[in-house]
Amino acid sequence: MSDKNVLIQVKDLKKAFGTNQVLDGITTDICQGEVVAVIGPSGSGKSTFLRSLNLLEVPTGGQILFEGTDITDPKVDINRHRQKIGMVFQQFNLFPHKTVKQNIMLAPVELKLMTKDEASKKADELLARVGLPDKANAYPDMLSGGQKQRIAIARSLAMNPDVMLFDEPTSALDPEMVGEVLELMKELAQSGMTMVVVTHEMGFAREVATRVLFIDDGKIQEENTPKEFFANPKNPRLKDFLSKVL
Ligand code: ADP
Ligand code: MG
């Protein structure tokens with residue numbers, strides 16, 4: 001594919017916490033429309049990698065170019081770029097004292113990207129899209145975990161992001177609620193959204209991802225199409241990992 005549109009370029013990304021070199025030279029391009037699943041053992045730096053992409057972690061080396069701008073340059077206004085990068089966490093981080101609809105409207109209105117009317121209309125559209133139109137006036141406490149995560153996704157989408165980052169979005173959910181969140185993420189992927197998803201859901205990685213990355217020991221040990229990745233793993237660490245999770 002020669003017409004690939006690179007959205008995020010990660011160049012020799014390094015991150016150390018003290019003497020703990022968590023990321024030790026990660027290089028990869030994330031192109032428009034790609035769905036990149038990131039897998040790896042616990043503590044291997046998956047969250048650190050994801051959080052570095054919007055500078056929630058400040059790299060100790062290397063560069064991250066987002067839409068061509070080096071966001072590791074301290075002169076760059078990171079907040080302007082963060083608006084284009086949605087993030088969904090394991091814990092939903094909804095504001096408990098605001099209704100579902102207020103949660104969704106908050107950021108675009110506060111940042112003056114939309115009028116209240118525009119944000120309200122957008123919120124209604126998103127509530128319909130995530131299948132929860134009747135929850136507009138509910139408070140987060142009244143929702144199931146799966147519903148909360150669908151609202152957290154809607155809230156991120158309200159900013160019209162160019163890319164969505166997911167950090168184990170289903171890991172905190174009761175098993176019966178995992179499917180509804182994965183289904184929504186699959187629909188999002190099919191709509192063309194660029195996504196980077198840290199996940200333990202190998203089924204999702206296999207079926208929805210366009211590329212799978214295996215991170216271990218601070219490096220991308222293997223990356224491939226899901227088909228090849230799961231059928232013909234080459235790296236011994238990956239083989240070992242897959243033997244434990246599949
Ligand atoms: P994963 O998401 O793959 O489980 P993390 O990125 O959360 O891994 O963590 C990778 C390593 O970095 C771990 O050893 C963890 O203890 C360390 N780490 C993560 N965040 C911090 C932090 N804020 N301060 C110090 N160490 C951290
Ligand atoms: Mg993590």
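Below is a summary of the structure that appears in this document. Remember, predicted model here, so these are calculated numbers, not experimental data. (Residues numbered from 1 in each chain as written. Chains lettered and ligands numbered in written order. Predicted model: local features only at pLDDT ≥ 70, side-chain atom pairs only at ≥ 80, totals over all residues. Heavy atoms only, no water.)

A look at the sheet that holds strand 2 (residues 20–31)
Sheet architecture is open: 4 strands sit in the order 2-1-4-5, paired in antiparallel fashion. Here the strands that pair on one side only, and so sit at the sheet edges, are strand 2 and strand 5 (69–70). Sheet topology places strand 1 (residues 6–17) next to strand 2; 9 bridges connect them, and they run antiparallel. By the bridge assignment for strand 2, F17 is matched with N20. (Pairing = 2+ DSSP bridges. Helix = DSSP H or I, 4+ residues; strand = E, 2+ residues; numbered from the N terminus.)

Notes on the sheet that holds strand 9 (residues 211–216)
Strands pair in a sheet through their backbones, by hydrogen bonds, and they do so in one of two ways: parallel or antiparallel. Read from one edge of the open sheet, 6 strands run 6-7-8-3-9-10, paired in mixed fashion. Looking at strand neighbours, the two that pair on one side only are strand 6 (85–88) and strand 10 (219–224), the edges of this open sheet. Averaged over all neighbouring strand pairs, the angle between strand axes comes to 20°, with direction disregarded. Taken together, the 5 bridges between strand 7 (residues 163–167) and strand 8 (residues 194–198) define a ladder with parallel strand orientation. Each bridged residue has a counterpart across the sheet, and for V163 the counterpart in strand 8 is T194. Across the sheet, helix 6 (residues 175–190) is in contact with strand 3 (35–39), strand 7 and strand 8; its angle to strand 8 comes to roughly 145°. Contacts between helix 9 (residues 236–245) and the sheet are confined to strand 3, strand 9 and strand 10, with strand 9 contributing the most and set at about 100° to the helix. (Axes fitted to C-alpha atoms, helices over the stretch in contact; angles between N-to-C directions. Contact = heavy atoms within 4.5 Å.)

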